[in-house]
Amino acid sequence: EIFTESSQNSEIWKIFEFKGVIYFQGFNVLFSLSGGQIEEIKLPGQITYCFVVQDQMLAATIDRGIFRLSGNEFVQINRWNILKGNIIHHIEENSGKTFLFTHKSGVYIDEDGILKKWDHPVNNLLMNELIITAKFIDKKKIAIGTASNGLYIINTTDSKYFNINRTSGLQN
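Residues numbered from 1 in each chain as written. Predicted model: local features only at pLDDT ≥ 70, side-chain atom pairs only at ≥ 80, totals over all residues. Heavy atoms only, no water.

**Some words on the sheet that holds strand β5 (residues 47-53)**
The strands making up a sheet associate through hydrogen bonds between their backbones, and the pairing can be parallel or antiparallel. Reading across the sheet, the four strands line up as β5-β6-β7-β8 and stay open at both edges, with antiparallel pairing between neighbours. Of all the strands in the sheet, just β5 and β8 (73-76) have a single pairing partner and so form its edges. Here the strands of the sheet are splayed against their neighbours by 35° on average, with no regard to which way each runs. Of the pairings in the sheet, the one linking strand β6 (residues 56-61) to strand β7 (residues 66-70) comprises three bridges and is antiparallel in character. What sits directly across from A59, in β7, is F67. (Pairing = 2+ DSSP bridges. Helix = DSSP H or I, 4+ residues; strand = E, 2+ residues; numbered from the N terminus. Axes fitted to C-alpha atoms, helices over the stretch in contact; angles between N-to-C directions.)

Next comes the structure, spelled out in structure tokens:
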């Protein structure tokens with residue numbers, strides 16, 4: 001059986017592959033499928049999502065910080081403890097930097113092992129938005145989707161960005 005009795009009512013929010021294994025992720029449960037065998041992996045708490053970044057699987061918890069999968073256990077990434085209590089909606093590496101997109105506190109960057117707020121003019125705007133999702137379009141541009149002000153397309157190499165929202169024609 002795929003699900004144990006204790007987790008049969010879990011919702012699966014994300015399915016992804018990591019190192020040849022298929023994972024099924026809910027907010028409270030993570031299953032792995034490898035070689036026809038399904039295993040449940042204990043999460044470090046309630047999570048938003050798992051992210052594959054730089055050949056690592058990361059799990060962002062709601063209130064305990066961000067963890068890295070090591071074997072079948074999650075280990076906390078202590079240098080990112082400043083983000084405890086923030087909901088993380090995306091983590092992605094680009095050009096040697098790791099970008100962490102928070103729900104209500106803007107964007108942070110880990111560069112050379114140091115985590116800091118992203119020094120870009122649009123980040124001040126994003127701190128007043130509800131970030132829902134983000135994705136690098138290419139090495140220089142990020143698309144960030146928000147709950148109430150549409151989509152931001154941001155050039156990471158200068159201060160340019162544009163915002164597509166209801167005022168500019170984006171439909172709900």
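**Overview of the pattern of salt bridges**
If the charged atoms of two oppositely charged side chains come close together, the side chains can form a pair. Per the stated rule, a full pass over the model turns up four salt bridges. We note a salt bridge from R79 to D110, for which the minimum N-O separation is 2.7 Å. Of this pair, R79 sits in the loop between β8 and β9 (88-94) while D110 sits in strand β11 (residues 107-111), and the two are 31 residues apart along the sequence. The exposure class of D110 is buried, given its relative accessible area of 5%. One salt bridge connects E92 with K135, and the closest N-O pair in it is separated by 3.6 Å. Placement of E92 in strand β9 and of K135 in strand β13 (residues 131-136) is noted, with a sequence separation of 43 residues between them. E92 sits in the buried class, given a relative accessible area of 13%. (Salt bridge = Lys/Arg side-chain N within 4 Å of Asp/Glu carboxyl O. Buried < 20%, exposed > 50% of the residue type's maximum accessible area, 1.4 Å probe, protein only.)

**Some words on the sheet that holds strand β16 (residues 161-164)**
Reading across the sheet, the four strands line up as β13-β14-β15-β16 and stay open at both edges, with antiparallel pairing between neighbours. Each edge of the sheet is formed by a strand with only one pairing partner; in this case those strands are β13 and β16. In this sheet, adjacent strand axes meet at a mean angle of 15° when their direction is disregarded. With four bridges joining them, strand β15 (residues 151-155) and β16 adopt antiparallel strand pairing. Looking at the pairing, I154 lines up with Y161 of β16.

**Thoughts on the pairing of β13**
Judged from the five bridges that link them, β13 and strand β14 (residues 141-146) form a sheet pairing that is antiparallel. Looking at the pairing, T133 lines up with G145 of β14. Between β13 and β14, which pair antiparallel and follow one another directly, the connecting turn spans four residues.

**What about unusual backbone geometry?**
In terms of backbone geometry, most residues other than glycine have negative phi values and most peptide bonds are trans. Here the phi dihedral of D55 falls at roughly 60°; this positive angle occurs in a residue that is not glycine. Tracing the backbone through its elements, the reader meets D55 in the loop between β5 and β6. Of the residues examined, D55 reaches a relative accessible area of 55% and is grouped as exposed. A positive phi angle is found at D112, which is not glycine, with a value near 55°. By the secondary structure assignment, D112 is in the loop between β11 and β12 (114-117).

**Details of the pairing of strand β3 (residues 30-34)**
Looking at chain direction, strand β2 (residues 21-25) and β3 are connected through four bridges and run antiparallel. Residue pairing for β3: F24 is matched across the bridge by F31. Pairing of β3 with strand β4 (residues 37-41), which is carried by five bridges, proceeds in the antiparallel orientation. The residue of β4 that forms the bridge with L33 is I38. Remark: two residues form the turn of the hairpin made by β3 and β4, two consecutive strands paired antiparallel; G35 in that turn has positive phi of roughly 60°.

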